[in-house]
Amino acid sequence: MKSTGTIFLLALAVVNGFRLSSNNLDLNSTQPFITGGTNAVLGQFPSVVAISIPGPISNAFCGGVILNANHILTAARCVLTEQNTLPYPYQVTVFAGDLQINFNGPRTTISAVYVHPHYNPFKFDHNLAVLRTTTDLVPPAVPIPNLDHAQLYEDIAFDGMTCSVAGWSDNVAQPLQQFITVPILNRDTCNGLEVHLGRISETMMCAGATNQGPGVCNTNVGTGLFCEGRLAGILSTGLGCGTTLHPGVYMQVRHYLPWIREQFDRQDIPEGGTSPIPVW
């Protein structure tokens, strides 16, 4: 039986439109994946990838960011089922190195999925996962590659700082990589009753305005927020496709650097069908 506190959090999540499970991403939505986006150019966001996941429709995917030769950072809710269990690694593949996704093109396969052990699917605390690829993602030896490893932003992103979110737009059969420019939003403002009801913790940050404007949509969960060209956040929730009172909510990468780096050396392979998080 869920505790009274958990039931209260569940009710808050429903009232404010928070998704309640990692794979409940409204994959049947006809909304574009980015609103008000600009097409990226070759080499602008070379670490941003699309992660193909099991879903109710074909070609369902989330976003992700290349960390090194064989590790990708994404959101935990992207790679967990509605029962908060792990997929089998063979069910998850990655599109990398292109500005346009070709669903019939080559994919990079995954050998392990590591979800943050304290991920909370009701509040989306610690909403991160690291994927290990079976083959190395090696930047090509060309002047402007579209495949590269992200540099990490380890400083505090200040209020009003201009950053960029890169992801994928579904305006064509083969989604294009696009980006929007967003300001870092003051946490107190983002935590206001009309926005996120006080649920934005110290490990999260908001980017975007409270009024209508460019925004990211469901299928870009897990993509990166880049400040001064470096990875500062991973898109977690608060998705409204640029609608009023829906700034994006991101996990601050700087708070999780020790955990992220620990995953690089892990030797175990979590088993598909098991839950890596506590029963809430």
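Details of the structure are given in the entry above.
Everything numeric in this text was worked out from a predicted model, so none of it was measured. (Residues numbered from 1 in each chain as written. Predicted model: local features only at pLDDT ≥ 70, side-chain atom pairs only at ≥ 80, totals over all residues. Heavy atoms only, no water.)

### Let's talk about the packing of aromatic side chains
Reasoning step 1: Following the criterion strictly, the structure yields 7 aromatic pairs and no others.
Reasoning step 2: Aromatic side chains Phe45 and Phe179 sit 5.5 Å apart centroid to centroid with 45° between the ring planes, which places their arrangement in the tilted category. Residue Phe45 is located in the loop between strand S2 (38-39) and strand S3 (48-52), and its partner Phe179 is located in strand S10 (residues 176-185); the two are separated by 134 residues in the primary sequence. With respect to burial, Phe45 and Phe179 carry one shared label: buried.
Reasoning step 3: Among the aromatic residues, ring-to-ring pairing joins Phe33, Phe61, Phe95 and Phe103 into one connected group. (Phe/Tyr/Trp six-rings, centres within 6.5 Å; stacked < 30°, edge-to-face > 60°. Helix = DSSP H or I, 4+ residues; strand = E, 2+ residues; numbered from the N terminus. Buried < 20%, exposed > 50% of the residue type's maximum accessible area, 1.4 Å probe, protein only.)

### Overview of the nonpolar core
Within soluble globular proteins, side chains that are nonpolar generally end up buried alongside one another.
Reasoning step 1: Judged by nonpolar contacts, the single largest core of 36 residues is most densely connected at Leu73, Leu231 and Ile234.
Reasoning step 2: Taken together, the elements giving at least two residues each to this core come down to S3, strand S4 (61-68), strand S9 (162-169), S10, strand S11 (204-207), strand S14 (230-237), strand S15 (248-252) and helix H3 (257-264).
Reasoning step 3: Each residue touching Ile234, except ones within four places of it in the same chain, is listed here: Val65, Leu73, Thr74, Ala75, Leu128, Gly222, Thr223, Gly224, Val249, Tyr250, Met251 and Val253.
Reasoning step 4: Val49, Cys62, Ile66 and Ala129 belong to the second largest nonpolar core, which has 24 residues in total. (Core = buried A, V, L, I, M, F, W, Y, C linked by side-chain atoms within 4.5 Å. Contact = heavy atoms within 4.5 Å.)

### Digging into the state of the cysteines
Reasoning step 1: Throughout the structure, instances matching the rule amount to 4 disulfides.
Reasoning step 2: Here Cys190 is linked by a disulfide to Cys206, with a sulfur-sulfur distance of 1.9 Å. Judged by the sign of its S-S torsion, about -75°, the cystine formed by Cys190 and Cys206 is left-handed. Of this pair, Cys190 sits in helix H2 (residues 187-190) while Cys206 sits in strand S11, and the two are 16 residues apart along the sequence. Take Cys190 and Cys206: they sit in the same class, and that class is buried.
Reasoning step 3: Once the bonded cysteines of the protein are numbered in order along the sequence, the disulfide links fall as 1-2, 3-7, 4-5, 6-8. (Disulfide = S-S within 2.5 Å.)

### Re the pattern of salt bridges
Reasoning step 1: One pass over the full model with this rule turns up 6 salt bridges.
Reasoning step 2: Note that Glu228 is salt-bridged to Arg230, the shortest N-O span being 3.0 Å.
Reasoning step 3: Since its relative accessible area comes to 24%, Arg230 is described here as partly exposed.
Reasoning step 4: It is possible to trace a salt-bridge network through shared partners that takes in Asp155, Glu228 and Arg230. (Salt bridge = Lys/Arg side-chain N within 4 Å of Asp/Glu carboxyl O.)

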